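# Breakdown of the fold
Listed below are the residues making up each chain.
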Amino acid sequence: MIYDTSEISSSTNNFLSHRLSSSSTSTSTSWCCTLRGKDAVVFQGKSRTPIDLPDLQLSLSLISRSHRTPIDLPAQNDHLLAVATNFRSLSSLRLQSCCLVSGEGLKALGTAVNSGLEELALINCDVVEREPGLLSTLGQNLKKLRKLDLSYNEMLLDKDFMSMLVSCNYLVDLKVRGCKGLTNASIISMLKSCKCLESVDIMHCHGIQAEAIVSFVLNSPQLRRVQVEQCKISDFAKTWASHKFVEAVA
């Protein structure tokens, strides 16, 4: 959805009020406001070249369809700390291709909203792979998470992933699509720690083998949907899944 500049200007009192900042000395160009009846945060950024509305709409539509397109937003620690300070009742946080985010900002946010956050997405965010122990800390702080999306973090390893899962016992929706570093060990951890899982996306996880997926499907009591390559689910597993009303999607 694209908002007209006049609508954003009106909501932010011509960018003079509701400055969102993590400290009194912050220079973040962002504002807390209400847009069409919903709480919102407006970040001010610049396009590298002039762009008209049709081209902007096309660019945004391409970004929304591509998981690999970098999103040029100022999602730095300053902004995460500001969100942590001003939105302690935050229930959902989704970040995609945010290369400037660090573990410090995410940990501070996790500590601030620990009891309320139900959905977390860190899609193609290199901080997941760059900072050891980050996922473990987030898991300990966000024990009420119900939805977790770590898709396309290709270098994510079992150790870090499992260290988060052990604390996330209420997950119902889990996506790790394209996480090529995960192996069968992660599936075993999912079985042990996440007994409430209803929907799982493990497509293009090349280190996860067919036998582990079959075991997961057969032993997950709440599972209703699994997305995985067709070749990794045997006919027997498909039949068993159908008896449990589990949808296997390739």
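All of these numbers come straight from a predicted model, not from anything done at the bench.

For the protein, the count of helices and strands is 10 helices and nine strands. Looking at the 250 residues of the protein, the share that counts as buried comes to 43%. The long-range fraction of contacts in the protein, counting pairs at least 24 apart against all pairs at least 6 apart in sequence, stands at 71%. Accessible area of the protein: about 13300 Å², with a carbon and sulfur share of 54%.

It is worth spelling out the side chain of K232 at this point. You can see K232 is positioned in the loop between β8 (225–227) and α10 (235–243). Residues in contact with K232, not counting those within four places in the same chain, are C205, H206, I208, A210, I213 and V214.

Next up on the list: the packing of helix α8 (residues 184–193) against helix α9 (residues 210–219). In the contact formed by α8 and α9, the axes pass within 9 Å of each other and the chain directions differ by 10 degrees. As far as their axial angle goes, α9 and α8 are roughly parallel. Here α8 contributes N184, I187, M190 and L191 to the contact with α9, which in turn contributes E211, A212, S215, F216 and N219.

For any part of a model where pLDDT is low, the fine detail of the predicted coordinates should not be relied upon. Overall, the predicted model of the protein reaches an average pLDDT of 79, with 75% of residues at or above 70. Low pLDDT, under 50, characterises residues 22–28; the stretch is placed with 10 contacts to residues that sit more than four places away or in other chains. Contacts from residues 62–75, a stretch scored under 50 in pLDDT, to residues over four places away or in other chains number 23 contacts.

With 54 residues, the main nonpolar core has L120 and I202 as its most contacted residues. A total of five residues in this core trace back to one element, the largest contributor, which is α9. If we ignore the near neighbours within four places in the chain, the residues touching I202 are V176, I187, I208, I213, V226, Q227, V228 and E229. Counting six residues, the second-largest nonpolar core is a separate cluster that includes I8, W31, A40 and V42.

Quick look at the environment of M164 now. The residue M164 is located in helix α7 (residues 158–165) in this model. Remark: the alpha-carbon pair of M164 and G139, spanning 25 residues in sequence, is separated by 4.5 Å. Ignoring any residue separated from it by four or fewer positions in sequence, one finds M164 in contact with L120, L135, S136, L138, G139, L145 and L148.

A few words now on the packing of helix α6 (residues 134–141) against α7. Contact geometry of α6 with α7 gives a least axis separation of 7 Å together with a crossing angle of 10 degrees. Comparing the axis directions of α6 and α7 gives the class roughly parallel. Here α6 contributes L135, S136, L138 and G139 to the contact with α7, which in turn contributes D160, F161, S163 and M164. Tallied by class, residues from the contact of α6 with α7 come to four nonpolar, three polar and one charged.

This part covers the side chain of S199. By the secondary structure assignment, S199 is in strand β7 (residues 199–201). Residue classification places S199 among the buried positions, given a relative accessible area of 16%. Not counting the four nearest positions on each side in its chain, S199 is found in contact with V172, D173, L174, L223 and R225.

The next thing to look at is the pattern of salt bridges. Applying the stated criterion across every chain yields a total of seven salt bridges. Close ionic contact of D126 with R130 constitutes a salt bridge, the shortest N to O distance being 2.7 Å. Its relative accessible area of 31% is what places D126 among the partly exposed residues. Looking at R130, the relative accessible area reads 39%, which means it is partly exposed. The structure contains a network of salt bridges with shared partners spanning R94, E119 and D149.

Of all five residues making up strand β4 (residues 119–123), five are buried, and the element is well covered by its neighbours. Two elements, strand β3 (residues 92–96) and β4, share five bridges in a ladder whose sense is parallel. Considered in β4, the bridge of S92 is made with E119. Relative to strand β5 (residues 147–149), β4 runs parallel, the two sharing three bridges. Its bridge partner lying in β5, L120 is registered against L148.

What counts, and where the lines are drawn
Each chain has its residues counted from 1, running along the sequence as written. Per-residue local features of the predicted model are confined to residues with pLDDT of at least 70, and side-chain atom pairs are confined, for both listing and counting, to 80 or more; whole-chain, interface and lining totals are unaffected and use all residues. Values reported for side chains reflect all heavy atoms of the structure, with hydrogen atoms and water molecules removed beforehand. Working definition: helices are DSSP H or I runs of at least four residues, strands are E runs of at least two. Numbering for both runs from the N terminus. The cut-offs for exposure are 20% and 50% of the maximum accessible area for each residue type, with area from a 1.4 Å probe on protein chains only; residues under the lower value are buried, those over the upper are exposed, and the others partly exposed. The criterion used for residue contact is that any of the two residues' heavy atoms lie within 4.5 Å. Residue burial considers only the protein chains on display, and all accessible areas are found by Shrake-Rupley using a 1.4 Å probe. Helix axes are fitted to C-alpha atoms over the stretch in contact, other axes to C-alpha atoms as well, and angles between N-to-C directions run from 0 to 180 degrees. Just so you know how the angles are binned, under 35 degrees is roughly parallel, over 145 roughly antiparallel, 65 to 115 roughly perpendicular, and the rest oblique. Summary of the metric used: pLDDT quantifies the predictor's per-residue confidence within the range 0 to 100. As used here, the term nonpolar core means buried Ala, Val, Leu, Ile, Met, Phe, Trp, Tyr and Cys residues forming a set that is joined through side-chain atoms within 4.5 Å. Any residue that is not Ala, Val, Leu, Ile, Met, Phe, Trp, Tyr, Cys, Pro, Asp, Glu, Lys or Arg is counted as polar, Gly included; the first ten are nonpolar and the last four charged. Just to be clear on terms, a salt bridge is a Lys or Arg side-chain nitrogen sitting within 4 Å of an Asp or Glu carboxyl oxygen. Whether two strands pair comes down to DSSP finding at least two bridges between them.

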